[in-house]
Every structure is written in structure tokens, then in C-alpha cells.
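Examination of the molecular architecture
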Amino acid sequence: MFFYLSKIFWFFIQPLNFAIFLLLAGLLAATIGRRRLAATGSALAFLVLALSAWTSLGALMLHPLEERFPRPPLPAKVDGIVVLGGGFEGAINLARGGYELNAGGDRMVEAAVLAKRFPEAKVVVSGGSGELVLDGEGDATTAPRLLGALGVAPERLILENKSRNTYENAVFTRALVTPKPGETWLLVTSAFHMPRAKALFDKAGFSTIPWPVDYRTSGKEGIGLFRDNPADSLQSTTTATREWIGLFAYWLSGRIDRPLPAPGG
């Protein structure tokens, strides 16, 4: 139920859709003669779009998430690497049978780099299809094609292809891997996503070393207008909004212990 409710809520609240619904509400209000309400809806829609696409709001929201878990020195020995899904274009790969990457593709590339650096380590890819309506191939299904092409032997791969969100990533991976005391596992995901992912893996009893990748900010953007092109700024705001909402939803539901997890708990 949590999965379905989160998907429905996000459909309405993501910045672009939220602005569209505000405009529709304004148009509806105008047709019934509620001019003040129509003007308010239109103004709010403009404000949401302008802040999301023309300002550095998205980068400023992402920055504290990306800085929360700095990348540590690599340990001398690594027993396993867990890479979370979210790096592939699932619908395209389902149709074409390839391994097209999206903006989060650094996750898979870094997993291949780490696999080469630690040739004895197992590589776990956790990620089924998290789409509610659209058809798409899960990342754990696509990953062997890319990782194999990059030289990762198939016998090193452990594929968890049932999870639909980060909570299920943690729980299903823990059950599949059953890590032993004293083992060292790296957790690879996007830097902005690491606070939520690390907290969920800790809660599931799977101790990992965070290895963030896929940084979306330089950390030097500052407050301002037109710091990036509007499409990228809108995407950053959308990504940041989703992650902050996810953190608070998981905290309120008891799935993580703090609304903004930090190293050490």
C-alpha cells in the first residue's frame, strides 16, 4: 500500500504536474466566475515553474543531501558491492534489449570500476521495476548485459529484481545476501539518495560503507537566477523535492529513525 500511495501522491505533487493542476484549477475557477481564485491559481503555477526552472532552488535543495555522506577512503578489502537500481532507461531497454543509461547511470559505471578494483568481491544489483503504470525492464535484469560488456564475470553477480523502492532494496537485498559479521560491503547509489539508502540498509541490519556517486551539484551554485538551463534546473528541483519528501515519509512511517540521517546513525 505504501508503494502505491507514494506513487499516486508523487504524481500530483511533483513540480511540473503540480503547476499544471494549479493552472487547471485556475481555468475551472475562471469558468465559474471566481476571478480571484483563478488569478491565485495561475500566479501559484507561475511561481512554482519560475522557481523550479529559472532559479538555483533545486541545486540548493540537493546540496545538503549530497554532502551528508562524503566518500570515504576505500578499504583494503571489499567482500561485496551493492549497487541500487535507477541508472537505466527501463522502457527503452525492454523494447530494444540494450543497456541505455539515464542520469543515474554513474551507479552502474562505478560498480564496474569497483568490481575491477576488487576482483574477489561479489556485485549485487538491487532493483526491479518501480513504475506504477509504464512498462520497463528492471535494472537487475538489464545490468548483466552492461556489466558483462565491461568485464564483470556473470558468476560474480547477485541479482535482486523484485524491489520497487529503496525500502525493498534494503530488505530484499539483506535477505538475499545474508552478510556475515566482519564482512565489508560498499553501498553505491546517487549522492543525493545516499542518506535515505544508508539509513534503510542500517535499519534492515545490513552494515555498509556508503560510496556516493552521480553528484548533481558542484556545491558552489549559490542563490541566483538562470544558473543552469531551465530543463536541468526543473529536473534538479524535481529530484530534490522527491528525495526530501521520501525522507520525511520514511521517517514518519518509522522506516528510518531520523528525517535527515547522518554518518554514525
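Predicted model only: the values in this text are computed from it and were never measured.

In this structure the tally under the stated criterion is seven salt bridges. Two residues, Lys77 and Asp79, come together in a salt bridge whose shortest N-O distance is 2.4 Å. The residue Arg216 makes a salt bridge to Asp214 at a minimum N-O spacing of 2.8 Å. Taking the relative accessible area as the measure of exposure, Arg216 reaches 29% and is therefore partly exposed. Judged by relative accessible area, Asp214 falls into the buried class, the value being 5%.

Of all five residues in strand S2 (residues 122-126), four are buried, a share of seventy percent or more. As paired elements, S2 and strand S3 (residues 157-160) share four bridges and run parallel to each other. Note that in S3 the partner of Ser126 across the bridge is Glu160.

Following the sequence through the fold, Val171 ends up in helix H8 (residues 166-177). When the C-alpha atoms of Val171 and Gly205 are compared, they prove to be 8.7 Å apart, with 34 residues separating the residues in sequence.

All right, on to a nonpolar patch on the surface then. Where nonpolar side chains cluster on the molecular surface, the patch consists of Tyr4, Ile8, Phe11, Phe12, Leu16, Ile20, Phe21, Leu24, Leu27 and Leu49 and spans about 900 Å² of accessible area. Of all the secondary structure elements, the ones that give two or more residues to the nonpolar patch are helix H1 (2-13) and helix H2 (15-31). Here the element with the most residues in the nonpolar patch is H2; it accounts for five residues. In this structure, Phe21 sits in helix H2.

Further remarks concern helix H4 (residues 57-66). By the burial criterion, the buried members of H4 are Gly58, Ala59, Leu62, Leu65 and Glu66. Buried residues of H4 fall within an arc of 120° about the axis and therefore sit on the same side. Of the surrounding secondary structure, the elements contacted by the buried residues of H4 are helix H9 (194-203) and helix H10 (230-252).

Time to look at the packing of H8 against H9. One way to put it is that H8 packs onto H9 with a least axis distance of 9 Å and a crossing angle of 35°. By crossing handedness, the relation of H8 to H9 is classed as right-handed. Contacts between H8 and H9 involve Thr166, Tyr167, Asn169, Ala170 and Thr173 on the former and, on the latter, Arg196, Ala197, Leu200 and Phe201. When the residues that make up the contact of H8 with H9 are grouped by side-chain class, the tally is five nonpolar, three polar and one charged.

Attention shifts here to the packing of H1 against H10. Running from N to C, H1 and H10 point in directions that differ by 145°, and their axes come no closer than 12 Å. As H1 runs across H10, the sense of the crossing is right-handed. Counting all contacts with H1, which are made through Phe2, Lys7, Phe9, Trp10 and Ile13, the residues of H10 involved are Thr238, Thr241, Arg242, Ile245, Ala249 and Tyr250. Classifying every residue of the contact of H1 with H10 by side-chain character gives seven nonpolar, two polar and two charged.

The next thing to look at is unusual backbone geometry. Trans peptide bonds make up the majority, and among non-glycine residues the majority have a negative phi. A positive phi angle, close to 45°, is found at Thr178, a residue other than glycine. One non-glycine residue with positive phi stands out, namely Asp214, at about 55°. Turning to its location among the elements, Asp214 is positioned in the loop between strand S5 (209-213) and H10.

So, on to the sheet that holds S2. The parallel open sheet is built from five strands, whose spatial order is S3-S2-S1-S4-S5. This sheet does not close on itself; its edge strands, each paired only once, are S3 and S5. Averaged over all adjacent pairs, the angle separating strand axes in this sheet is 20°, with direction ignored. Alignment of strand S1 (residues 80-84) against strand S4 (residues 185-190), held across four bridges, turns out to be parallel. Bridging from a neighbouring strand, Val83 pairs with Val188 of S4. Along the sheet face, H8 touches S1, S2, S3 and S4 and points at about 135° away from the line of S3. Most of the contacts of H9 go to S4, to which it runs at about 145°, and overall it touches S1, S4 and S5.

Each value, and the rule that gives it
- Residues numbered from 1 in each chain as written.
- Predicted model: local features only at pLDDT ≥ 70, side-chain atom pairs only at ≥ 80, totals over all residues.
- Heavy atoms only, no water.
- Salt bridge = Lys/Arg side-chain N within 4 Å of Asp/Glu carboxyl O.
- Buried < 20%, exposed > 50% of the residue type's maximum accessible area, 1.4 Å probe, protein only.
- Helix = DSSP H or I, 4+ residues; strand = E, 2+ residues; numbered from the N terminus.
- Pairing = 2+ DSSP bridges.
- Patch = residues over 30% accessible without salt bridge, like charges linked within 9 Å, V, L, I, M, F, W, Y side chains within 5 Å.
- Areas by Shrake-Rupley, 256 points an atom, 1.4 Å probe, with all protein chains shown as cover.
- Arc of directions from axis to C-beta.
- Contact = heavy atoms within 4.5 Å.
- Axes fitted to C-alpha atoms, helices over the stretch in contact; angles between N-to-C directions.
- Left-handed = near helix turned anticlockwise from the far one by under 90°.
- Nonpolar A, V, L, I, M, F, W, Y, C, P; charged D, E, K, R; others polar.

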